[in-house]
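If you want the building blocks of each chain, they are given just below.
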Amino acid sequence: MIGLIFGPPGSGKGTQASRLEREFDMAHLSTGEILRSEAAHGSPVGKEAARIMAAGDLVPDDLIDRIVESRLRRIEPGTSVLLDGFPRTIKQAQALDRMLAKLGRNVDFVVALDVPEPLLVDRLLHRAAVEGRADDTREAIMERMHEYHSRTAPVLDHYRRSGVPVAEVSGVGDVDEVLDRVRNALRGALHLPRYKPGAGGI
Ligand code: AMP
């Protein structure tokens, strides 16, 4: 199973992805995490990525496509994968379709978290105070929102047009509440029985 977790900055993609990873035994692949780790190691790619990320811009498609392709190749065939933060442009979505086709796989579902923008900005500014992420400045946050609306949001339509189940879920509320909604939406999208608390499984 290949799933995507999708949503604007601050919508809780990373948090939900970590929960789904543990609960459903999926390999969690976060392009933001990979880039932050490259940046921390100070590799040439990392230095360039750090500059772009701090400004709230998207790193070039070719670079991120190469990173994801090499990671996907390293994952055991048949392992379920949850992609977080990728694809963020239509070009990346097309590149992912090609990569997966080569591996005989395809995107099985998309979970899209929906959160009103003022709440996203509040959450990101709060995270800035707690974690001090370089791209959580007010200016970079505004740029990331702009990139999301202009380049990333259209990716959802790419999947809808391709017939991939897209489950839209409100990302407002606490982590467990949102996780329940995600589970139920996935069950609906994948035509499974609805989630009952305590029943286990997806
Ligand atoms: P995230 O942790 O997903 O919020 O990503 C943090 C930053 O990493 C983004 O604002 C981008 O600068 C960069 N980034 C992560 N994933 C991608 C991607 N798929 N394409 C381009 N840039 C990305």
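Residues numbered from 1 in each chain as written. Predicted model: local features only at pLDDT ≥ 70, side-chain atom pairs only at ≥ 80, totals over all residues. Heavy atoms only, no water.

Pairing within the open sheet is parallel, and its five strands lie in the order E2-E3-E1-E4-E5. Here the strands that pair on one side only, and so sit at the sheet edges, are strand E2 (27-30) and strand E5 (166-170). Along the sheet, successive strands turn relative to each other by an average axial angle of 20°, direction set aside. In the packing of helix H2 (residues 31-41) onto the sheet, the strands contacted are E2 and strand E3 (81-84), and the crossing angle to E2 comes to about 65°. (Pairing = 2+ DSSP bridges. Helix = DSSP H or I, 4+ residues; strand = E, 2+ residues; numbered from the N terminus. Axes fitted to C-alpha atoms, helices over the stretch in contact; angles between N-to-C directions. Contact = heavy atoms within 4.5 Å.)

Once that is clear, we can look at the site of the ligand. Not every one of the 16 residues close to the ligand is listed here, only the nearest: Thr31, Asp57, Gly85, Arg88 and Gln92. In this structure, aspartate 57 approaches the ligand through a main-chain N or O atom, which is 2.6 Å from an oxygen atom. Within the contact set of the ligand, a nitrogen atom lies 2.9 Å away from a backbone nitrogen or oxygen of glycine 85. In isolation the ligand has 480 Å² of accessible area, and contact with the protein removes 96% of it. A per-class count over the shell around the ligand returns six nonpolar, four polar and six charged. (Near = heavy atom within 4 Å. Polar contact = N/O pair within 3.5 Å; in protein donor to acceptor, adjacent residues only side chain to side chain. Areas by Shrake-Rupley, 256 points an atom, 1.4 Å probe, with all protein chains shown as cover. Nonpolar A, V, L, I, M, F, W, Y, C, P; charged D, E, K, R; others polar.)

Where H2 contacts helix H4 (residues 61-74), the two axes come as close as 11 Å, and the packing angle between them is 105°. The orientation of H2 with respect to H4, classified from their angle, is roughly perpendicular. Side by side, H2 and H4 meet where Thr31, Ile34 and Leu35 of the first sit next to Ile64, Ile67, Val68 and Arg71 of the second. In terms of residue class, the contact of H2 with H4 is built from five nonpolar, one polar and one charged. (Parallel < 35°, antiparallel > 145°, perpendicular 65-115°, else oblique.)

So, on to the packing of helix H1 (residues 13-24) against helix H9 (residues 175-189). Two numbers describe how H1 lies on H9: the axes approach to 10 Å, and their chain directions differ by 60°. As far as their axial angle goes, H9 and H1 are oblique. The handedness of the crossing between H1 and H9 comes out as right-handed. The residues of H9 that touch H1, namely those facing Thr15, Gln16, Arg19, Leu20, Glu23 and Phe24, are Val175, Asp176, Val178, Leu179, Val182 and Arg183. In terms of residue class, the contact of H1 with H9 is made up of six nonpolar, two polar and four charged. (Left-handed = near helix turned anticlockwise from the far one by under 90°.)

Val59, Leu72, Leu83, Leu96, Val107, Val110 and Tyr159 are the most contacted members of the largest nonpolar core, which totals 32 residues. Within the residue set of this core, elements represented by two or more residues are strand E1 (2-6), H2, helix H3 (44-54), H4, E3, helix H5 (90-102), strand E4 (109-114) and helix H8 (154-161). Aside from chain neighbours lying at most four places away, what touches valine 107 is Ile2, Leu4, Leu96, Leu100, Tyr159 and Val164. Formed by 17 residues, the second largest nonpolar core is a distinct cluster that contains Ala17, Phe24, Leu113 and Ala185. (Core = buried A, V, L, I, M, F, W, Y, C linked by side-chain atoms within 4.5 Å. Buried < 20%, exposed > 50% of the residue type's maximum accessible area, 1.4 Å probe, protein only.)

Another aspect to go through is the environment of leucine 156. Looking at the secondary structure, you find leucine 156 in helix H8. Look at leucine 156 and you get buried, because its relative accessible area is 9%. Once residues within four sequence positions are removed from consideration, leucine 156 is found in contact with Phe6, Val110, Ala112 and Val166.

Because the α-helix completes a turn every 3.6 residues, residues three or four places apart line up on one side. Counted at 1.5 Å a residue, the expected span for H5 with its 13 residues is 18 Å, and the 19 Å between its end C-alpha atoms agrees. Considered for burial, the residues of H5 that qualify are Gln92, Ala93, Ala95, Leu96, Met99 and Leu100. Looking down the long axis of H5, one finds its buried residues gathered within 160° of arc, a one-sided arrangement. Exposed and facing more than 90 degrees away from the buried side of H5 are Lys91, Arg98, Ala101 and Lys102. Buried-residue contacts for H5 involve E1, H4, E3 and H8. Glycine 104 lies just past H5 and shows a positive phi near 70°. (Expected span 1.5 Å × (residues − 1). Arc of directions from axis to C-beta.)

Our focus in this paragraph is unusual backbone geometry. Look at the link from phenylalanine 86 to proline 87: it is a cis peptide, with omega at -5°. Within the secondary structure layout, proline 87 lies in the loop between E3 and H5. Even without being a glycine, aspartate 25 presents a positive backbone phi close to 55°. Among the secondary structure elements, aspartate 25 is positioned in the loop between H1 and E2.

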